[in-house]
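Listed below are the residues making up each chain.
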Amino acid sequence: MADGEVQQSIEKKMLDDNADTTIDGKLQSIPSASDMFIGYATIPGFVSWRNSERGSWYVQCIIKTFKECAEKDHLVDMMVKVNQGVALEFEASGHNKQVPSPIVRLTKKLYFRPGYFQR
């Protein structure tokens with residue numbers, strides 16, 4: 001079985017399994033694969049570039065974006081900015097580029113709100 005077929009098989013199994021949850025006081029069933037965000041640095045089958053001193057382009061862009069936007073933006077909006085940043089701001093010698101490949105299964109917006117809870 002090829003890697004892609006294995007991944008599809010796992011995803012099908014996860015989507016076939018359901019989990020009960022309470023939403024707005026009401027018991028509902030959602031797929032067990034819900035409420036996940038999987039962030040790949042690049043599209044499967046391609047390379048993820050990195051700078052030998054500053055690290056991967058993807059992680060650099062995540063750190064920069066989260067520092068600038070986490071107080072106001074939710075995760076998916078920030079990751080769109082990460083995709084844009086990696087695709088436009090970075091280039092390896094020979095004009096090599098990359099674009100991240102997130103998988104979003106969130107059912108709600110996810111905010112981090114740094115500094116929201118003060119001790």
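What counts, and at which threshold
Throughout, a residue's number is its position along its own chain's written sequence, starting from 1. For this predicted model, a pLDDT threshold of at least 70 governs which residues receive local features, and a threshold of 80 or more governs which side-chain atom pairs are given and counted, while totals over whole chains, interfaces and linings are taken from all residues. Only hydrogens and water are set aside when side-chain values are computed; all heavy atoms of the structure are taken into account. Every patch collects residues that have over 30% relative accessible area and no salt bridge, joining them within 9 Å if they carry like charges and within 5 Å if they are nonpolar side chains (Val, Leu, Ile, Met, Phe, Trp, Tyr). Using a 1.4 Å probe, accessible areas were evaluated by the Shrake-Rupley method; residue-level cover was limited to the displayed protein chains. Counted as salt bridges are all cases of a side-chain nitrogen of Lys or Arg within 4 Å of a carboxyl oxygen of Asp or Glu. Strands here mean DSSP runs of E at least two residues long; helices mean DSSP runs of H or I at least four residues long; both are numbered from the N terminus. Throughout this description, buried means an accessible area under 20% of the type-specific maximum (1.4 Å probe, protein chains only), exposed means over 50%, and partly exposed covers the range between. Classification of ring pairs uses Phe, Tyr and Trp, with its six-membered ring standing for Trp, and accepts pairs whose centres are within 6.5 Å; under 30 degrees between planes counts as stacked, over 60 as edge-to-face, and the remaining range as tilted.

Asker: Can you explain a nonpolar patch on the surface? Please cite residues and give values.
Answerer: On the surface, Ile 43, Phe 46 and Val 99 cluster together to form a nonpolar patch covering roughly 270 Å² of accessible area. As for its position among the elements, Phe 46 is in the loop between strand 3 (37-40) and strand 4 (50-51). Among the residues examined, Phe 46 registers a relative accessible area of 60% and is labelled exposed.

Asker: Could you give an account of the packing of aromatic side chains, naming the residues involved and the relevant values?
Answerer: In this structure the tally under the stated criterion is 3 aromatic pairs. Look at Trp 49 and Trp 57: their rings are 6.2 Å apart centre to centre, the planes differ by 25 degrees, and that puts the pair in the stacked class. When the centroid spacing of 5.6 Å and the interplanar angle of 40 degrees are considered together, the rings of Phe 66 and Phe 112 count as tilted. Residue Phe 66 is found in helix 2 (residues 57-69), and its partner Phe 112 is found in the segment after strand 6 (101-104); the two are separated by 46 residues along the sequence. Phe 66 gets classed as partly exposed once you look at its relative accessible area, which sits at 23%. By relative accessible area, which is 44% here, Phe 112 ends up partly exposed.

Asker: Just give me the short version of the pattern of salt bridges, but keep the residues and values in it.
Answerer: With the rule as written, the count across this model stands at 3 salt bridges. A salt bridge links Lys 81 to Asp 73; its shortest N-O distance comes to 2.5 Å. For Lys 81, a relative accessible area of 33% puts it in the partly exposed group. According to the relative accessible area criterion, Asp 73 is buried, its value standing at 12%. The shortest N-O distance in the salt bridge between Lys 97 and Glu 91 comes to 3.9 Å. What makes Glu 91 partly exposed here is its relative accessible area of 45%.

Everything listed here is a matter of geometry and, on its own, says nothing about what the molecule does.
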